[in-house]
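An overview of the molecular structure
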Amino acid sequence: MPAPSGAAEPARTTPAVVLIGPPAAGKSRLGRRLSRLLDLPLIDTDRLVVEAHGPIPQIFAEHGEPVFRAWERKAVAAALEQRAVVSLGGGAVLDPATQQQLAGLPVVLLTLSAEAAAARLDGSSRPLAGGVEAWTALVAARTPLYERLATASWDTSRRPLDRIAQEIADWATARDADPAAARTTTRITDRSSDPAVEPREDSP
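We now turn to the structure provided with this report. (Residues numbered from 1 in each chain as written. Predicted model: local features only at pLDDT ≥ 70, side-chain atom pairs only at ≥ 80, totals over all residues. Heavy atoms only, no water.)

Turning to the nonpolar core, a few remarks are in order. Membership of the largest hydrophobic core comes to 28 residues, with the highest contact counts inside it found for Val17, Val108, Leu110, Trp154 and Ile168. Those elements that place two or more of their residues in this core are strand S1 (17–20), helix H1 (27–38), strand S4 (107–111), helix H6 (114–121), helix H7 (131–149), strand S5 (152–155) and helix H8 (161–177). Residues in contact with Val108, not counting those within four places in the same chain, are Val17, Val18, Leu19, Ile20, Ala152, Trp154, Ile168 and Trp171. With 19 residues, the next largest nonpolar core counts Leu80, Val93, Leu102 and Leu149 among its residues. (Core = buried A, V, L, I, M, F, W, Y, C linked by side-chain atoms within 4.5 Å. Buried < 20%, exposed > 50% of the residue type's maximum accessible area, 1.4 Å probe, protein only. Helix = DSSP H or I, 4+ residues; strand = E, 2+ residues; numbered from the N terminus. Contact = heavy atoms within 4.5 Å.)

Below is the structure:
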């Protein structure tokens, strides 16, 4: 039966945090920490694709990037309708439908320096990594889009991930508590010289 005229629409279920950023920025590892801190499930869209279709390098080799992106988009669309911490693959934001779906969500951009990326990509099997030179070109191309979509940004080059995760959790909790904050954009970028933590995850 349709809702009575003037009745409020049901509240949209949305993620507590959506992590975006280039390969090797630490999205998967930070996602696990945030999941524990916020007591919410972690949805890693790359993992969903892998569970359904096999390893990402194999998908690229056997089916090509367009097929991977189509499967990725399906996983992203479902994840962004869940109350969870959501970690998106590095190129997921290239899809226009994903860009539209991210509007108004608490999107955290994770960044890192080329030097940190070089250490993290050493021996990587990421299909679009191709060494630090290719990574630098890829990031340069995607950065304007990342920054346009992001609500807040943290640099992961040298700071302990536990500390960054706590800061993001505090930010997300405060944002949830203040509806006005959901309508503003916050830039929280820290390139501290704290000891480095070198995650070796995240996707193309």
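All right, on to the environment of Leu112 then. Of note, Leu112 is situated in the loop between S4 and H6. Setting aside chain neighbours within four positions, we find Leu112 in contact with Pro22, Pro23, Ala24, Ala25, Ala117, Arg120, Trp135, Asp155, Thr156 and Ser157.

All of the buried residues along helix H2 (residues 45–53) are Thr45, Asp46 and Val49. One side of H2 holds all its buried residues, which, seen down the axis, span an arc of 105°. Buried residues along H2 sit against strand S2 (42–44), helix H3 (56–63), helix H4 (65–79) and strand S3 (85–87). Looking at where H2 begins, the residue whose side-chain oxygen comes 3.0 Å from the main-chain nitrogen of Asp46 is Asp44. (Arc of directions from axis to C-beta. Polar contact = N/O pair within 3.5 Å; in protein donor to acceptor, adjacent residues only side chain to side chain.)

Relative to the assigned elements, Ile168 resides in helix H8. Owing to a relative accessible area of 0%, Ile168 belongs among the buried residues under this scheme. In this structure the C-alpha to C-alpha distance between Ile168 and Leu37, which are 131 residues apart in sequence, comes to 9.7 Å.

Once that is clear, we can look at the packing of aromatic side chains. Counted by the stated rule, this structure contains two aromatic pairs. Relative to Phe68, the ring of Phe60 has its centre 5.1 Å away and its plane inclined at 45°; by these criteria the two rings are tilted. You can call Phe68 buried: its relative accessible area is 0%. On the basis of an interplanar angle of 70° and a centroid distance of 6.0 Å, the ring pair of Trp154 and Trp171 is categorised as edge-to-face. Pair noted here: Trp154 is in strand S5 and Trp171 is in helix H8, with a separation of 17 residues, a long-range link. Of the two residues examined, Trp154 and Trp171, each falls in the buried class. (Phe/Tyr/Trp six-rings, centres within 6.5 Å; stacked < 30°, edge-to-face > 60°.)

Now for the sheet that holds S3. Spatially, S2-S3-S1-S4-S5 is the arrangement adopted by the five strands of the open sheet, whose pairing is parallel. The sheet is open, and its two edges are formed by S2 and S5, each paired on a single side. Taking the axes of each pair of neighbouring strands and ignoring which way they run, one obtains an average angle of 20° across the sheet. On top of the sheet, H2 reaches S2 and S3; it is set at about 65° to S2, its chief contact. (Pairing = 2+ DSSP bridges. Axes fitted to C-alpha atoms, helices over the stretch in contact; angles between N-to-C directions.)

Moving on to the pairing of S1. The side-chain alternation of S1 yields two buried faces, one formed by Val17 and Leu19 and the other by Val18 and Ile20. Taken together, the three bridges between S1 and S3 define a ladder with parallel strand orientation. For Leu19, the partnering residue across the bridge sits in S3 and is Ser87. As paired strands, S1 and S4 are joined by three bridges and run parallel to one another. Its bridge partner lying in S4, Val18 is registered against Val107.

On to the packing of H3 against H4, then. Interhelical geometry of H3 versus H4 gives an angle of 130° and a closest axis separation of 7 Å. Taken together, the axis directions place H3 and H4 in an arrangement best described as oblique. When H3 is examined against H4, the residues Ile56, Ile59, Phe60 and His63 are found in contact with a partner set consisting of Glu65, Val67, Phe68 and Trp71. When grouped by side-chain class, the residues that make up the contact of H3 with H4 number six nonpolar, one polar and one charged. (Parallel < 35°, antiparallel > 145°, perpendicular 65-115°, else oblique. Nonpolar A, V, L, I, M, F, W, Y, C, P; charged D, E, K, R; others polar.)

So, on to unusual backbone geometry. Not every positive phi belongs to a glycine, and Ala24 is a case in point at roughly 80°. With respect to the secondary-structure elements, Ala24 resides in the loop between S1 and H1. Look at Ala24 and you get buried, because its relative accessible area is 0%. Within the chain, Asp39 stands out as a residue other than glycine whose phi angle is a positive 55°. Position of Asp39 relative to the elements: it lies in the loop between H1 and S2. The exposed category is assigned to Asp39, whose relative accessible area is 68%.

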